[in-house]
Amino acid sequence: MPKIFPSNPVPTAAGIGLRSQHIGEMLSRRPSAGWLEVHAENYMGGSAAVDALERLRESYPLSIHGVGLSLGSSSGLDRDHLEGMRKLCLRFQPGLVSEHLAWSAADGAYLNDLLPLRYDAQALVIVAANVSRLQDTLQRRVYIENLSAYVAFEGSTMTEAEFLAELVRLTGCGLLLDINNVHVSACNLGFEPKNFIDQLPACAIGEIHLAGHAVNEVEGDIVLIDDHGSRVPPPVWSLYAYAIRKIGPRPTLIEWDTDVPALDVLLGEAMWADMLAQSIAFEDHRLAERPTPQTSRFDGMLLPLRSDSPKGPMPALAALATIKPSVFANHSGARRIGHAL
């Protein structure tokens, strides 16, 4: 008889994606981590990994992230896969459950990829029906993740962000905002990433993903590849800061799937995410408490006359709130969408 865990909400802090290479070390060390996220498909069968997850679940809040339900499939959701997801959620009672706005199955064939949709009314009806069935089966809200894109359909009548906003309205689902995916898509397709975030209903965003990407040159053009194989790069940190300032802090995950590093590297990236979010919260609180400053002119610029000082020590990374885009001007992804930072 499998152990049934009580629900343990995911905190508004940074967590890491649990990878097989780190399970043993996580069990032996039990390091400080806000929460853990696992791919659902890796834990649907009986294995030593499932037993290990039961032990880790006693120490860490858990999020389950699906990668194979193919929510964009016109043939509907695979019954066995859906049942496997239901049993997994019943067993572990995760604080968050998420899936992708994508399709990966057609006519019984499964593709090892997450493919984009045509964003129009017909596709919206299909995805909304699948998301509603998923939420009804799991008896919980599911958070839908935006994709990284390399091509776009000419027949789309709305942006991905508009499509996601409509999906929230129709189904009551939540959103998983993948900041790296926004940056990758914006650079590849040539749109403003901040506008993407602005178009999403902030109240529906329940989780954020951060990751690294590869920068490739193809026939003189720069293409970003969402490979989750490196540290979070400066433009993604900058866009993350913009999102946090706009929507407030959210549970934030560090993803790393290829060339997986030592566990301490992942924990370090999560620490940076926590410190940046805390610094932004500190600055917002300080500005809210500070009266409107008097100003003086110097070299043609208005400067505040700072007679006040923040109460308590300033958190590390508070200076990140003042980073300018020119700091990252040598980053190839940022060079294409320089105003995105």
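Residues numbered from 1 in each chain as written. Predicted model: local features only at pLDDT ≥ 70, side-chain atom pairs only at ≥ 80, totals over all residues. Heavy atoms only, no water.

## Digging into the sheet that holds strand S1 (residues 14-17)
Convention followed: Strand pairing is assigned whenever DSSP identifies at least 2 bridges connecting the two strands. We count a stretch as a helix when DSSP gives it H or I for four or more residues in a row; a strand needs E for two or more, and each element gets its number in order from the N terminus. For every element, the axis is a line fit to its C-alpha atoms; helices are fit only across the contacting stretch, and the angle between N-to-C directions ranges from 0 to 180 degrees.
With respect to topology, eight strands assemble into a closed barrel ordered S1-S2-S3-S4-S7-S8-S9-S12, the strand pairing being parallel. Averaged over all pairs of adjacent strands, the angle between their axes in this sheet comes to 30°, without regard to strand direction.

## Digging into the side chain of Glu255
The condition is simple: We call a residue buried when its accessible area falls under 20% of the maximum for its residue type, exposed when it is over 50%, and partly exposed in between, using a 1.4 Å probe and counting protein chains only. For the purpose of charge, His is not counted, nor are the chain termini; Lys and Arg are scored as positive and Asp and Glu as negative. Salt bridges are identified by distance alone: a Lys or Arg side-chain nitrogen within 4 Å of an Asp or Glu carboxyl oxygen. Here a polar contact means two N or O atoms within 3.5 Å. Within protein one must be a hydrogen donor candidate and the other an acceptor candidate, and residues neighboring in sequence count only if both atoms are side-chain atoms. By the convention used here, residues are in contact when the closest approach between their heavy atoms is within 4.5 Å.
Of note, Glu255 is situated in the loop between strand S12 (252-254) and helix H9 (263-289). Nearest to the buried, unbridged Glu255 among oppositely charged side chains is Arg19, at 4.9 Å. Among the polar contacts listed, one links the side chain of Glu255 to the side chain of His228, at a separation of 3.5 Å. Not counting residues within four places of it along the chain, the set of residues in contact with Glu255 comprises His65, Asp178, His209, Leu210, Ala211 and His228.

## Quick look at the environment of Thr252
On the secondary structure map, Thr252 appears in strand S12. Measuring from C-alpha to C-alpha, the distance between Thr252 and Gly34 comes to 9.0 Å, with 218 residues separating the pair along the chain. There is a polar contact of 2.9 Å between the side chain of Thr252 and the backbone oxygen of Arg250.

## Details of unusual backbone geometry
Non-glycine residue Ser70 carries a positive phi angle of around 55°. Judged by its relative accessible area of 4%, Ser70 falls in the buried class. Residues other than glycine seldom take positive phi values, yet Gln139 does so here, at roughly 55°. Tracing the backbone through its elements, the reader meets Gln139 in the loop between helix H4 (121-138) and strand S7 (143-145).

## Some details on the nonpolar core
Most often, soluble globular proteins keep nonpolar side chains buried together rather than apart. What counts here: Take the buried residues of types Ala, Val, Leu, Ile, Met, Phe, Trp, Tyr and Cys, join any two whose side-chain atoms come within 4.5 Å, and each joined set is a nonpolar core.
Leu177, Ile179, Leu210 and Tyr240 are the most contacted members of the largest nonpolar core, which has 77 residues in total. Looking at this core, the element that brings in the most residues is H9, giving nine residues. What Ile179 contacts, discounting residues up to four positions off in sequence, is Ile197, Ile208, His209, Leu210, Val236, Leu239, Tyr240 and Ala243. By size, the runner-up hydrophobic cluster in this structure holds six residues, among which are Val10, Leu96, Tyr143 and Leu176.

## Remarks on helix H8 (residues 234-247)
Short version of the rule: In this scheme, a helix's expected span is set at 1.5 Å multiplied by one less than its residue total.
Taking 1.5 Å of rise per residue, the 14 residues of H8 would be expected to cover 20 Å, and the 20 Å separating its terminal C-alpha atoms lies within 8% of that figure. Phi turns positive, to about 90°, at Gly248, one or two residues after H8.

## Some points on the confidence of the model for the chain
Going by this rule: A residue's pLDDT is the predictor's confidence in that residue, given on a scale from 0 to 100.
Of the residues in the chain, 80% have a pLDDT of 70 or more, and the chain-wide mean is 84. For the stretch residues 295-341, pLDDT sits under 50, and the model shows 76 contacts to residues farther than four places along the chain or on other chains.

## Focus: the packing of helix H3 (residues 79-92) against H4
Under the convention used in this document: In these notes the angle categories are as follows: under 35 degrees is roughly parallel, over 145 is roughly antiparallel, 65 to 115 is roughly perpendicular, and the rest is oblique. Handedness of a helix crossing follows the sense of rotation of the near helix relative to the far helix, less than a right angle counterclockwise being left-handed and clockwise being right-handed.
One way to put it is that H3 packs onto H4 with a least axis distance of 9 Å and a crossing angle of 40°. Here H3 lies oblique to H4, going by the angle between them. Every pair of crossing elements has a handedness; the one defined by H3 and H4 is right-handed. Seen from H3, the contacting residues are Arg79, Leu82, Met85, Arg86 and Cys89; seen from H4, they are Arg133, Leu134, Thr137 and Leu138.

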